[in-house]
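# Structural overview
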Amino acid sequence: MPTVFMGESLLSVNGHQLNRDRRYVVKGLLMAGQVSMLCGAPNTGKSAVIAAVAAHVAKGRDFAGYRTCRAAVLYVAAEDPNGIADRAHPYLNAGLNAASPFNIFPLPINLCSDRQIDHFVGELIAYQTAANCDRLLTVIDTLNLCIGEGDENSARDMGRAIGNAQRVARETGAHVMIIHHTAGHDGNRPRGSTAMEGNVDTLLTLHRADEQQPKGVVFIAQRKQRSVKKGEPVAFRIQAFDGGIDSEGDRLTVPMAVPFEPKSSLAAQTKRKQTKPSQADERLSDLRRVLDDLATSRPNEWFDATTIRDNTGTPFNSLRDNTESLGRIVRKFLQTLLESGEIEKNEDGHFRVAKRETPNSAPDASPTIH
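Let me begin by describing the structure that accompanies this report. In this text the structure is predicted, and so the values were computed from the model without any measurement. Per-chain numbering applies: the sequence of each chain, read as written, is numbered from 1 onward. Predicted model: local features are reported for residues with pLDDT of at least 70 only, side-chain atom pairs are reported and counted for 80 or more only, and whole-chain, interface and lining totals are derived from all residues. Processing note: side-chain calculations cover all non-hydrogen atoms of the structure and skip hydrogens and water entirely.

When helices and strands are counted, the chain shows eight helices and 16 strands. Here the term buried applies to any residue with accessible area under 20% of the maximum for its type, exposed to any over 50%, and partly exposed to those in between, with areas from a 1.4 Å probe on protein chains only. For the chain, the proportion of its 370 residues judged to be buried stands at 47%. Should any heavy atoms of two residues lie within 4.5 Å, those residues are considered in contact. For the chain, long-range pairs separated by at least 24 residues make up 66% of all intrachain contacts whose partners lie at least 6 apart in sequence. If you sum the accessible surface of the chain, you get close to 20100 Å²; carbon and sulfur atoms cover 48% of it. Only DSSP runs of H or I reaching four residues or more are called helices, and only runs of E reaching two or more are called strands; each is numbered from the N terminus. For every accessible area listed, the method is Shrake-Rupley and the probe measures 1.4 Å; residues are considered covered only by the protein chains on display.

What follows deals with helix 2 (residues 81-92). Take the residue count of a helix, subtract one, and multiply by 1.5 Å to get its expected span. For helix 2, which comprises 12 residues, the first-to-last C-alpha distance of 16 Å matches the rise-based estimate of 16 Å (1.5 Å per residue) to within 8%. Along helix 2, the positions that sit buried rather than exposed are G83, I84, R87, A88, P90, Y91 and L92.

Moving on to the packing of helix 6 (residues 279-297) against helix 8 (residues 323-339). Simply put, an axis is a line fit to the C-alpha atoms, just over the touching stretch for a helix, and the angle between two N-to-C directions goes from 0 to 180 degrees. Running from amino to carboxyl end, helix 6 crosses helix 8 at an angle of 80°, the nearest separation of the two axes being 10 Å. Between helix 6 and helix 8, the crossing angle belongs to the class labelled roughly perpendicular. Of the residues in helix 8, those touching helix 6 at A280, R283, L284, L287, R288 and L291 are I329, V330, F333, L334, T336 and L337. The residue inventory of the contact of helix 6 with helix 8, partitioned by class, reads nine nonpolar, one polar and two charged. Under this scheme an angle from 65 to 115 degrees is roughly perpendicular, one under 35 degrees roughly parallel, and one over 145 degrees roughly antiparallel; angles in between are oblique. In the scheme used here, Gly and all other residues not listed as nonpolar or charged are polar, with Ala, Val, Leu, Ile, Met, Phe, Trp, Tyr, Cys and Pro taken as nonpolar and Asp, Glu, Lys and Arg as charged.

This part is about the pattern of salt bridges. Two side chains bearing opposite charge may form a pair once their charged atoms approach each other closely. Salt bridges are counted wherever a side-chain nitrogen of Lys or Arg sits within 4 Å of a carboxyl oxygen of Asp or Glu. Here the structure, examined in full by the defined rule, presents 16 salt bridges. With a closest N to O distance of 2.8 Å, D286 and R289 form a salt bridge. With D286 and R289 both in helix 6 and three residues apart, the pair spans about one turn of that helix. For the pair formed by D286 and R289, the shared burial category is buried. The salt bridge involving R352 is made with E344; its shortest N-O contact spans 2.7 Å. Here R352 falls in the buried class, since its relative accessible area comes to 18%. Assessed through its relative accessible area of 22%, E344 is described here as partly exposed. Through salt bridges with shared partners, one network takes in R70, D286, R289 and D293.

Our next topic: the nonpolar core. What we call a nonpolar core is a set of buried Ala, Val, Leu, Ile, Met, Phe, Trp, Tyr and Cys residues that are connected through their side-chain atoms within 4.5 Å. Within the largest apolar cluster, 42 residues are counted, with the highest numbers of intra-cluster contacts made by V49, F102 and F236. Take this core: its biggest share by element is 10 residues, from helix 1 (residues 46-59). Setting aside residues no more than four positions away along its own chain, F102 makes contact with A51, A54, A55, A58, V73, Y75, A88, L92 and Y127.

Only rings of Phe, Tyr and Trp enter the pairing, Trp through its six-membered ring, and a pair is recorded when the two centres are within 6.5 Å. The plane angle decides the type: under 30 degrees is stacked, over 60 is edge-to-face, the rest tilted. Taken as a whole and assessed by the stated rule, the structure comprises three aromatic pairs. Here the aromatic rings of Y75 and F102 are separated by 6.5 Å at their centres, their planes lie at 10°, and the arrangement is stacked. You can see Y75 sitting in strand 6 (residues 72-77) and its partner F102 sitting in strand 7 (residues 102-105), a full 27 residues away along the chain. On the basis of relative accessibility, which here comes to 0%, the residue Y75 falls in the buried class. Directly above the ring of F316 sits R283, whose terminal nitrogen or CZ lies 5.5 Å from the centroid. The residue whose ring lies beneath K332 is F333, and the NZ or CZ to ring-centre distance is 5.5 Å. The criterion is that NZ of a Lys, or CZ of an Arg, lies within 6 Å of the ring centre and within 35 degrees of the ring normal, and then a charge sits over that ring.

Dropping the structure here:
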């Protein structure tokens, strides 16, 4: 049998094995290397919901029964970069936190420009490397501001835009999420050409809940999933986050999307993550990451165990419901790192990455100049 066709290697179905370890950013919802589109009507809370999802991903925190894998987040906020930062603030900056890998690019990119996508791909790869994350989430908000002179009603233009988004996902391994509006006459599909719905891997729509649900509840419906089973709607409550008092003495609030618990009638039911044989190694690695992040964001400072605990990521999620148990396990692994000499502890019981002394160079160690 031939193994090459038109210069490309053929994929043989004989002996093909199913991939039982598919990479994800949000398991069962947002898969690595794929493109999704989230559509919603104006003023339904799209920005608050996506900022909440991205913040959970950046911290490696599960939400609404969905498991996440910590990933670097690059949010292309062509419409309202400060508004996105406001909506992510309650999750990332409300307390003392490490420098989470969640950054906003405040300008549009042109999904219809192959040349700009060339540049974007290279920059994304460099960004992920600098963030030292295994996975990547890229949000493009909104579509109509990121297609240059393209027409969202044109099948050709939208085919090209989604094709370039797929290229970004394929070449970087990222999950690329595009934010768009729903059609005025149909809240279950994106506005414009049907090429969008046909070409994305995942199509999500955002809706307000009916009057039987509490005020401010919205939910994401999964309209299309190309490679995973469609799940139940994911619910959020849009509420006001207290940002303190402004310069004139008035209360400042920003919208905050709070995921419902798994027991919610709108949220998916999932089983708890099973303990893996390598869980101890994963937790030690995550604590090293937390301490390195803290050292980067606030050099030379010492951090208490509570601050370190509050910045732990995915490997500690199974303990998140029991603060006492979580704190005990974190302290146990901090002791392990202390005994190995990787971290140090001061008289107040606070920790930081151990300082390494640079050995003195030998007198004859200077390089020879040729």
